[in-house]
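Here is what each chain is made of, one letter per residue.
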Amino acid sequence: MLSYLHGFHAGNHADVIKHVVLVHLLEHLCRKTKGWRYVDTHAGAGRYDLHDERALKKAEHADGIARLIGRDDLPPAVSRLVELIRGQQPGAGALDVYPGSPLIALALARPQDELHLHELHPREHEALMAHLAADANAHVHRQDGFRGALGLLPPPTRRGLVLVDPSYERKQDYEQVVRFLQQVHRRFATGTVAIWYPLVSRARIDALCAALRAADVPDLLRAELCVRADAEGFGMTGSGMIVFRPAFTLAAALEESLPFLANVLATGPGSAWTVETLVPE
Ligand code: SAM
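Conventions we followed
Throughout, residues of each chain are indexed from 1 in the direction in which the sequence is written. Since the coordinates come from a predicted model, pLDDT governs what is reported: local features require at least 70, and pairs of side-chain atoms require 80 or more to be given and counted, while whole-chain, interface and lining totals use all residues. Computation of side-chain values covers all heavy atoms of the structure but excludes hydrogens and water. The way it works is that DSSP assigns letters per residue, a run of H or I at least four long becomes a helix, a run of E at least two long becomes a strand, and they are numbered from the N terminus. Between the two quantities, the radius of gyration covers C-alpha atoms and the globule rule is 2.2 Å times the number of residues to the power 0.38. Burial classes follow relative accessibility: with a 1.4 Å probe on protein chains only, a residue under 20% of its type's maximum area counts as buried, one over 50% as exposed, and anything between as partly exposed. By definition, residues are in contact when any of their heavy atoms lie within 4.5 Å. In short, Shrake-Rupley with a 1.4 Å probe defines the accessible areas, and a residue's cover is counted only from the protein chains shown. Residues scored as positive are Lys and Arg, those scored as negative are Asp and Glu, and His as well as the terminal groups of each chain are ignored. The atoms used to mark charge sites are NZ of Lys, CZ of Arg, CG of Asp and CD of Glu. When DSSP finds two or more bridges between a pair of strands, those strands are recorded as paired. For helices, the fitted line uses only the C-alpha atoms of the stretch in contact; every axis is such a line through C-alpha atoms, and the angle between N-to-C directions lies from 0 to 180 degrees. Note on definitions. A residue lies near a molecule or strand when any single heavy atom of the residue is within 4 Å of it. Within 3.5 Å is the distance limit for a polar contact, defined as a pair of N or O atoms, with the added protein rule that one can donate a hydrogen and the other accept it, and that residues adjacent in sequence qualify only through two side-chain atoms. Residues were grouped as follows: Ala, Val, Leu, Ile, Met, Phe, Trp, Tyr, Cys and Pro as nonpolar; Asp, Glu, Lys and Arg as charged; and all remaining residues, including Gly, as polar. In the cavity and pocket records, a cavity denotes points on a 1 Å grid over the protein atoms alone where a 1.4 Å probe fits but cannot get out, a pocket denotes an open set with protein on both sides within 12 Å along at least 5 of 7 lines, and lining residues are residues with an atom within 4 Å of a point. Grid points are joined across faces, edges and corners, and a volume is the space filled by probe spheres set on the points. Here, a salt bridge means any Lys or Arg side-chain nitrogen found within 4 Å of an Asp or Glu carboxyl oxygen. We define a nonpolar core as any set of buried Ala, Val, Leu, Ile, Met, Phe, Trp, Tyr and Cys residues linked to one another through side-chain atoms lying within 4.5 Å. The labels follow the angle: roughly parallel below 35 degrees, roughly antiparallel above 145, roughly perpendicular from 65 to 115, and oblique for the rest. Two helices crossing with the near one rotated counterclockwise from the far one by less than a right angle form a left-handed crossing, whereas a clockwise rotation gives a right-handed crossing.

### A look at the overall build of the protein chain
No. 1: Helices and strands together make up the secondary structure of the protein chain, namely nine helices and 10 strands.
No. 2: Computed over the C-alpha atoms, the radius of gyration of the protein chain is 17 Å, within 12% of the 19 Å expected from 2.2 N^0.38 for a compact globule of 281 residues.
No. 3: For the C-alpha atoms alone, the extent of the protein chain along its principal axes is close to 45 × 40 × 40 Å.
No. 4: In the protein chain, which comprises 281 residues, the proportion classed as buried is 54%.
No. 5: Restricting the contact set of the protein chain to residue pairs at least 6 apart, pairs at least 24 apart contribute 78%.
No. 6: Carbon and sulfur atoms form 51% of the exposed surface of the protein chain, whose accessible area is close to 12,100 Å².
No. 7: Each charge sign in the protein chain was given a centre, from 30 positive and 33 negative side chains, and these centres are 5 Å apart.

### Structural notes on the sheet that holds strand β8 (residues 220–226)
No. 1: Spatial ordering of the open sheet is given by β5-β4-β1-β6-β7-β9-β8-β10, a layout of eight strands whose pairing is mixed. Here the strands that pair on one side only, and so sit at the sheet edges, are β5 (138–141) and β10 (272–279). This sheet shows a mean twist of 15° between the axes of neighbouring strands, independent of strand direction.
No. 2: Here strand β4 (residues 114–118) runs beside β5; their pairing, made up of four bridges, is parallel. Its bridge partner lying in β5, H116 is registered against H139.
No. 3: The strands touched by helix α1 (residues 13–29) are β1 (37–40), β6 (160–164), β7 (192–199), β8 and β9 (238–244); relative to β9, the strand with the most contacts, the crossing angle is about 20°.
No. 4: The strands touched by helix α7 (residues 172–187) are β6, β7, β8 and β9; relative to β7, the strand with the most contacts, the crossing angle is about 170°.

### Side note on the site of the ligand
No. 1: Close contacts around the ligand come from 20 residues, with H19, H42, E119, D144 and D165 the closest.
No. 2: Within the contact set of the ligand, a nitrogen atom lies 2.7 Å away from a side-chain nitrogen or oxygen of D144.
No. 3: About the coverage of the ligand: the protein hides 94% of its 610 Å² of free accessible area.
No. 4: Along the lines of polarity and charge, the residues of the shell around the ligand split into four nonpolar, 11 polar and five charged.

### Remarks on the layout of surface pockets
No. 1: Considered as a void within the structure, the second largest pocket measures approximately 380 Å³ in volume.
No. 2: It is α1 that provides the largest number of residues to the lining of the second largest pocket, a total of three residues.
No. 3: When the residues that make up the lining of the second largest pocket are grouped by side-chain class, the tally is five nonpolar, five polar and seven charged.

### Observations concerning the pattern of salt bridges
No. 1: As enumerated under the stated definition, the model contains 14 salt bridges in all.
No. 2: Residue D165 pairs with K18 through a salt bridge whose shortest N-O separation is 2.8 Å. Note that D165 is positioned in the loop between β6 and α7 and K18 in helix α1, a separation of 147 residues in sequence.
No. 3: The class of D165 is buried, set by a relative accessible area of 14%.

### Some points on the pairing of β8
No. 1: Taken across its seven residues, β8 has seven buried, putting it largely inside the fold.
No. 2: A two-sided burial pattern is seen for β8, the buried positions comprising L220, R222, E224 and C226 on one face and L221, A223 and L225 on the other.
No. 3: Direction of pairing for β8 relative to β9: antiparallel, over a ladder of seven bridges. Counted as the bridge partner of L221 is V243 from β9.
No. 4: Where β8 meets β10, seven bridges bridge the pair, whose relative direction is antiparallel. Residue pairing for β10: A223 is matched across the bridge by V275.

### Focus: the nonpolar core
No. 1: Core analysis: the largest hydrophobic core is formed by 92 residues, its most contacted members being L26, Y38, L68, L117, L220, L254 and L261.
No. 2: With 10 residues, α1 is the largest single contributor of residues to this core.
No. 3: Once residues within four sequence positions are removed from consideration, L68 is found in contact with V16, L74, V78, V82, F260, L261, V264 and L265.

### Section: the packing of α1 against helix α9 (residues 250–264)
No. 1: Where α1 meets α9, the axes come as close as 11 Å, and the angle between the chain directions of the two elements is 155°. Considered as vectors, α1 and α9 are oriented roughly antiparallel to each other. When you trace α1 past α9, the crossing you get is right-handed. In this structure, α1 contributes V16, I17, V20, V21, H24 and L25 to the contact, and α9 contributes L250, A253, L254, L258 and L261.
No. 2: Per-class residue counts for the contact of α1 with α9 are 10 nonpolar, one polar and no charged.

Written out as C-alpha cells, the structure is:
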C-alpha cells in the first residue's frame, strides 16, 4: 500500500522545517574534510514540478516556500535553504521546481561524500533514478528504507546523517521510527539521525515523545513548527523533527528560525514553535 505521493505537498511548511534542519546538519558535516554518508530512508521522487497537476491541486507550496522566496529578512538557517532552492530553478527569478531531500543533499555533497536513497514506490523510484542518473556518488535503492539503512551503517568514515521521513499513512510507522532509532544508535552511536513527524494528533505526538524518552537513546532534540492551532484529527497543523546527536549549532539556529517561520507561514490563529531537549546527552 503505497498511495502517498509527495508531489501533492512539495514545498509546504513541513518541507520547510525538515529541509532547514537537513541543510543545517549537512553543512555542519561539511565543516570537516572527511567525507560523510547521507542515508535517506524515504527519499521520494527527488524533484517536484510546482506547475504540475499534483502541486497545483492544493498549492501547498504557496503557503510554504513561496512565502519565503524573495524576502530579505530571513534568519540565516532559513536563508541557506532558500538560496539553495533558488539555485535549483531552471529559470531566473521564478519558483518552478522544489527539490526533495535527495537533491538538497546532492547540492551540498562534495566528491568525498556519498548518498544512499531508498524509495519503494515504483514511479517515484523511477523519477528519482532519472533525477540522479548522472551522479556517481548517489545510489538509489528500491528497498525498504528502514531495512536498507541498517546495512549501510556505520559508514567507513564514521561520519553521516540518516534522514527518516515516512508518510505515517501506516500507524505502525510511529512505533517503527522509535525501534529504528534504537537500532541505528546501537550500530552508529557517533552518527546523526533526523526523524520527521506530522502534527495531526497531539495525543499521538505526546505518545511518540514518551516512547522516545523511554527508548534508552541519549541526546535527542525536538523542534516543532505549527502553522495554526492543534485541531485533533482535522488535518496537519504542523510538523516536527527529532534529531539524535544534533550539530551543537542546531538548537540556536532553530530558536532563531522557528519564531520567524511561525509568524510568516501561519495560516490561522495559534501558530507556534518549540525547540527542546527531549533526552539529554
Ligand atoms: N524525504 C522526501 C523529501 O523530503 O523530499 C519526501 C519523502 S515522502 C514524505 C515519503 C516517501 O517514502 C514516499 O515517496 C513513499 O513512496 C516512500 N516510502 C514509503 N514507505 C517506504 C519504505 N518502507 N521504504 C522506502 N520508501 C518508502
